[in-house]
Amino acid sequence: MATSIAHSTIFYKTSLFLRRNGLKNFAFCMSANSFSSSSAALSANKKWTRPVASVLELGGVKIARDDVVKDDPTNNVPDTIFSKLGMQLHRRDQHPIGILKNAIFEYFDSNYPQKFDKFDDLCPIVSVKQNFDDVLVPADHVSRSSNDTYYVDPQTVLRCHTSAHQAELLRSGHTHFLVTGDVYRRDSIDSTHYPVFHQMEGVRVFSPNDWEASDLDATSIAAGDLKTCLEGLARHLFGAVEMRWVDTYFPFTNPSFELEIYFKEKWLEVLGCGVMEQEILKRSGKLNNVAWAFGLGLERLAMVLFDIPDIRLFWSNDERFTSQFSKGQLGIKFKPFSKYPPCYKDISFWISESFTENNFCELVRGVAGDLVEEVSLIDNFTNKKEMTSHCYRITYRSMERSLTDDEINDLQWNVREQVQSKLNVVLR
């Protein structure tokens, strides 16, 4: 079995889509012509700045906190998530995420000169239509649930994947493009999952001239070109590794594949990809074309390439972390600067029918932030009265300092109080 290292863009088995198992157009975010130029041009006059408490700037447009964290019954965006908007780790050339992004750009620039448009500054606030409908996510799919997705209002979300921009770019006439950005999902808490991470997706559109002179059909031409392209990318990032293709199913591509590499004595899933479903192209006005698309998660690949053990480290401002990486230096191995001791706290409660683990993890993150390393279910049972109990172990550990007993106890009591008041459970 391959170990997955990719939060792929749109490419998940149906049970995994937008979950580990499993704008009204915002005028202040983007205008129609924002898609007509590459983000290289967009970024020429826009420098990254740390967001302030109440307003930030994305793509040159100011966004107020009240535009995202609203007094709306469907809104589930906490301040901890709003604070990550505008951080754009993928646009920092000396950060592992930015270094990896640039290495992928270099591959495409070298092998497809001046062909792929690059976008890395598109607004993460998108419509439900962009995020789900345009990439054929069924109306009743679990990924649309507020348990998995951050809703600004009933028709607006924080994008769950960079594929939210795919249809708009196709309609705007782009035929070769790479989209990189921060994406947002409510998820579990452990060393490889974080509610904000970064993705890249690539799309190439073929016209009849590309296959009419060949003995192969259009789908075969696109699939063959896709595999050649991505095998080259894997070699560019990982060196001369053994690779294999695995047939799979995605609702957005047919046929669909996963690329795995044999790296450090195990098979690793690098990305998902496939030939785009014709319906997506037809809706975008491309009736006589075929296309391929791929998606990959930058954090998962960077954790492998740089030997970074915990996804929280990507958000660290500690110079002992940030000073280890340099522009253009792919694969520098991270040297742990300290290993502070963990503190374990258990909490048990009787759950209700409305309880979900994602809601619990979101609450814990809201209280403890990045001081929480992991939340794991260590026991559950149902009694004779058909009441179900869950016991969770919360691991607290800072990446940068030792935590005091008083600090941990205060956090745990706060968690207990909020669990009882907000999640409709009964503490044991």
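Residues numbered from 1 in each chain as written. Predicted model: local features only at pLDDT ≥ 70, side-chain atom pairs only at ≥ 80, totals over all residues. Heavy atoms only, no water.

## Describing empty space enclosed by the protein
Left-over empty space is what a probe sized like a water molecule reveals as it rolls over the atoms.
Next, step 1: Computed from the structure, the second largest cavity encloses a volume of approximately 50 Å³.
Next, step 2: Along the walls of the second largest cavity sit I189, D190, H193, Y194, R312, R365, G369, D370, V372 and E373, which together make up its complete lining.
Next, step 3: Residue classes in the lining of the second largest cavity are distributed as three nonpolar, two polar and five charged.
Next, step 4: Viewed by domain, the lining of the second largest cavity spans two of them, domain 1 (55-323) and domain 2 (343-427), each represented by three or more residues. (1 Å grid on protein atoms, 1.4 Å probe; cavity = no way out; pocket = protein on both sides within 12 Å on 5 of 7 lines; lining within 4 Å. Points joined across faces, edges and corners; volume = space filled by probe spheres on them. Nonpolar A, V, L, I, M, F, W, Y, C, P; charged D, E, K, R; others polar. Domains from an automatic or database assignment.)

## Side note on the pairing of strand β10 (residues 242-250)
When a strand is regular, its side chains alternate between the sheet's two faces.
Next, step 1: With eight bridges connecting them, β10 and strand β11 (residues 253-263) associate as antiparallel partners. In the sheet register, V246 faces β11, and the bridge partner there is E258.
Next, step 2: Between the antiparallel neighbours β10 and β11 lie two residues. (Pairing = 2+ DSSP bridges. Helix = DSSP H or I, 4+ residues; strand = E, 2+ residues; numbered from the N terminus.)

## What about the nonpolar core?
Next, step 1: Ranked by internal contacts, the top residues of the largest apolar core, which has 72 residues, are I104, F108, L158, L230, F238, L296 and F314.
Next, step 2: Among the elements that make up this core, the one with the highest residue count is helix α7 (residues 218-238) (eleven residues).
Next, step 3: Here L158 is in contact with V68, V77, I81, L85, P124, I125, Y150, V152 and Y184, once residues within four sequence places are set aside. (Core = buried A, V, L, I, M, F, W, Y, C linked by side-chain atoms within 4.5 Å. Buried < 20%, exposed > 50% of the residue type's maximum accessible area, 1.4 Å probe, protein only. Contact = heavy atoms within 4.5 Å.)

## Describing the sheet that holds strand β5 (residues 125-127)
Next, step 1: Taken together, three strands build an open sheet; the order of strands is β5-β7-β6 and the sheet is antiparallel. Each end of this open sheet is capped by a strand with a single partner; those strands are β5 and β6 (151-153). Ignoring which end each strand starts from, the neighbouring axes of this sheet average 35° apart.
Next, step 2: The pairing of β6 with strand β7 (residues 156-158) spans two bridges and is antiparallel. (Axes fitted to C-alpha atoms, helices over the stretch in contact; angles between N-to-C directions.)

## A look at the confidence of the model for the chain
Next, step 1: Confidence in the prediction of the chain, expressed as mean pLDDT, is 87, and 86% of residues score 70 or more.
Next, step 2: Averaged pLDDT values for the elements of the chain fall to 39 in helix α1 (residues 39-42) and rise to 98 in helix α4 (residues 96-111).
Next, step 3: Within the model, pLDDT remains below 50 along residues 12-28, and this stretch shows 61 contacts once partners closer than five positions in the same chain are excluded. (pLDDT = per-residue confidence, 0-100.)

## Overview of the pattern of salt bridges
Next, step 1: Scanning all chains against the criterion turns up 23 salt bridges.
Next, step 2: In this structure, E168 and R171 form a salt bridge, with 3.1 Å as the shortest nitrogen-oxygen distance. Of this pair, E168 and R171 are both found in helix α6 (residues 166-171), three residues apart, which corresponds to roughly one turn of the helix.
Next, step 3: Residue R171 is classed as partly exposed on the basis of its relative accessible area of 38%.
Next, step 4: Of the charged contacts, one joins D225 and R204 as a salt bridge, the two residues approaching to 3.0 Å between their closest N and O atoms. You can see D225 sitting in helix α7 and its partner R204 sitting in strand β9 (residues 196-206), a full 21 residues away along the chain.
Next, step 5: Note on R204: relative accessible area 10%, which makes it buried.
Next, step 6: Connected through shared salt-bridge partners, R91, K101, D120 and D121 make up one network. (Salt bridge = Lys/Arg side-chain N within 4 Å of Asp/Glu carboxyl O.)

## Side note on the state of the cysteines
Next, step 1: For the coordinates displayed, the defined rule picks out zero disulfides.
Next, step 2: Sulfur of C229: no disulfide; nearest cysteine sulfur belongs to C273 and is 9.4 Å away.
Next, step 3: Note on C229: relative accessible area 0%, which makes it buried. (Disulfide = S-S within 2.5 Å.)

## Digging into the sheet that holds strand β15 (residues 372-382)
Through backbone hydrogen bonds, the strands of a sheet pair up, either in parallel or in antiparallel fashion.
Next, step 1: The four strands lie next to each other as β15-β16-β14-β17, forming an open sheet whose pairing is antiparallel. Only two strands of the sheet have a single partner each, and these edge strands are β15 and β17 (426-427).
Next, step 2: Where strand β14 (residues 343-350) meets strand β16 (residues 388-396), eight bridges bridge the pair, whose relative direction is antiparallel. Paired with W350 across the bridge in β16 is S389.
Next, step 3: Each of β14, β15 and β16 is contacted by helix α11 (residues 357-368), which is oriented at about 140° to β15, the strand it contacts most.

## Concerning helix α9 (residues 298-306)
Note: α-helices contain 3.6 residues per turn, so residues at a spacing of three or four share the same orientation.
Next, step 1: Buried residues dominate α9, accounting for nine of its nine residues.
Next, step 2: Turning to α9, its buried residues number three or more, namely L298, E299, R300, L301, A302, M303, V304, L305 and F306.

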